[in-house]
Amino acid sequence: MNRLPPIRAVIVDLDGTMVDTLGDFQVALNGMLAELRLPAVERLSVELAVGKGSEHLVRTVLAQQLALPGAGLSSAKAPLRPTGEHLVGRALERYQYHYRQSNGLHAEVYPGVVEGLAMLKAKGLALACLTNKPLEFAQTLLKKKTLDGYFSQVFGGDSFERKKPDPLPLRKTCEALGADPAQTLMVGDSQNDALAARAAGCRIALVTYGYNHGEPIDQAPHDWMLNALSDLRNLADFS
């Protein structure tokens, strides 16, 4: 790593990396499911489904809950249609409504996050938050948790044509920061972050906590593993 150029910019994921948001997701999803008269979803099931954007989350949870015994009726007479796009659209709309109400209320900033971000900012590094969460929700959450002041750029899953693990969001974020991908570090918690960063030519630090679809995070591509964002102070690759 000593032969590589120093890191001059850092891109940080949000859910599972800076903030534990499973509580927010679960409350919003269960509000949606209650309206559709479907069984509530458990925290572990939410954890396995998050990370690829709101539509993927809603589709996954809908399919799962509709498959449960006794599920499938939105009223005494009208069956739900699990393959119908009208159902997905309605569910997504109601999920977004409930998420606006719960955003940040059942979420906690992970230990070491503030210390790590403060250290990066003190070094004068260009910082961006890049998440698959819709931009509206990401900006609100960062503000509620007083993390917004650390970032010059914030991009969500609806900011670009494609989401992580596609490398496009990483490349576009590097452009916005005025940084070469080879001098940019991606900090995340899942293979979505790792695959996108590797394909974009960025270096990768993955946290040992967070959400990775139930798979061991150390099996994803990475240059460093972190127990907390504050562990970034131990990296010698910063300028």
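In this text the structure is predicted, and so the values were computed from the model without any measurement.

**Q** How would you explain the overall build of the chain if you had to name every residue and give the values?
**A** The secondary structure content of the chain amounts to 8 helices and 8 strands. Radius of gyration (C-alpha) of the chain: 19 Å, near the 18 Å computed for a compact globule of 239 residues. Its C-alpha atoms give the chain principal-axis dimensions of about 65 × 30 × 30 Å. The buried share of the chain, taken over its 239 residues, is 52%. Taking all contacts inside the chain whose residues are at least 6 apart in sequence as the whole, residues at least 24 apart take part in 68%. Entry remark: accessible area of the chain is about 10,800 Å², with carbon and sulfur atoms responsible for 50%. Considering the chain, the positive charge centre built from 25 side chains and the negative charge centre built from 26 side chains are found 3 Å apart.

**Q** Lay out the sheet that holds strand 6 (residues 184-188) in plain terms, naming residues and giving numbers.
**A** Spatially, 6 strands are ordered 5-4-1-6-7-8 in an open sheet, and the strand pairing comes out parallel. Because the sheet does not close on itself, it has two edges, and the strands there are strand 5 (153-155) and strand 8 (224-226). Here the strands of the sheet are splayed against their neighbours by 20° on average, with no regard to which way each runs. The pairing of strand 1 (residues 9-12) with strand 6 spans 4 bridges and is parallel.

**Q** Got a sec to walk through the pattern of salt bridges? Specific residues and values, please.
**A** Charged atoms that come close allow side chains of opposite charge to pair. Considering all chains together, one arrives at 11 salt bridges under this definition. Asp20 is paired through a salt bridge with Arg43; the nearest N and O atoms lie 3.2 Å apart. Of this pair, Asp20 sits in strand 2 (residues 19-20) while Arg43 is found in helix 2 (residues 43-49), placing the two residues 23 residues apart along the sequence. You can call Arg43 partly exposed: its relative accessible area is 39%.

**Q** Residue-level account of the packing of aromatic side chains, with values.
**A** Under the defined criterion, the tally for this structure stands at 5 aromatic pairs. Seen from their ring centres, Phe25 and Tyr99 are 5.5 Å apart, and the 40° between their planes marks the pair as tilted. With Phe25 in helix 1 (residues 22-35) and Tyr99 in helix 4 (residues 85-102), this residue pair connects regions lying 74 residues apart in the sequence. In this structure Phe25 comes out as buried when scored by relative accessible area, which is 6%. Under the relative-accessibility criterion, Tyr99 is labelled buried at 0%. On the basis of an interplanar angle of 40° and a centroid distance of 4.9 Å, the ring pair of Tyr99 and Phe137 is categorised as tilted. Taken as a pair, Tyr99 in helix 4 and Phe137 in helix 6 (residues 135-144) lie far apart in primary sequence, 38 residues in all.

Conventions and cut-offs
Counting from 1, residues in each chain are numbered in the order their sequence is written. Local features in this predicted model are restricted to residues whose pLDDT is 70 or higher, and side-chain atom pairs enter the listing and the counts only when it is 80 or higher, whereas totals over whole chains, interfaces and linings include all residues. Water and hydrogen atoms play no part in the side-chain values, which are based on all heavy atoms of the structure. Secondary structure elements are taken from DSSP: a helix is a run of H or I of four residues or more, a strand is a run of E of two residues or more, and numbering for both begins at the N terminus. With C-alpha atoms as the basis for the radius of gyration, the globule rule is written as 2.2 Å multiplied by the number of residues raised to the power 0.38. Per-residue accessibility, obtained with a 1.4 Å probe over protein chains only, is compared with the maximum for each type, and a residue is labelled buried under 20%, exposed over 50%, and partly exposed between these values. In this analysis, two residues are considered to be in contact whenever any of their non-hydrogen atoms come within 4.5 Å of each other. Areas reported as accessible are Shrake-Rupley estimates using a 1.4 Å probe. Residue values count occlusion only from the protein chains shown. Charged residues are defined narrowly, with Lys and Arg counted positive, Asp and Glu counted negative, and His plus the chain ends left uncounted. Charge positions come from single atoms, namely NZ of Lys, CZ of Arg, CG of Asp or CD of Glu. Whether two strands pair depends on DSSP finding at least two bridges between them. Note on geometry: axes are C-alpha line fits, over the in-contact stretch for helices, and angles between N-to-C directions span 0 to 180 degrees. Salt-bridge detection follows one rule: a side-chain nitrogen of Lys or Arg within 4 Å of a carboxyl oxygen of Asp or Glu. Two rings from Phe, Tyr or Trp (for Trp, the six-membered ring) form a pair when their centres sit within 6.5 Å of each other. Planes less than 30 degrees apart are called stacked, planes more than 60 degrees apart edge-to-face, and all others tilted.

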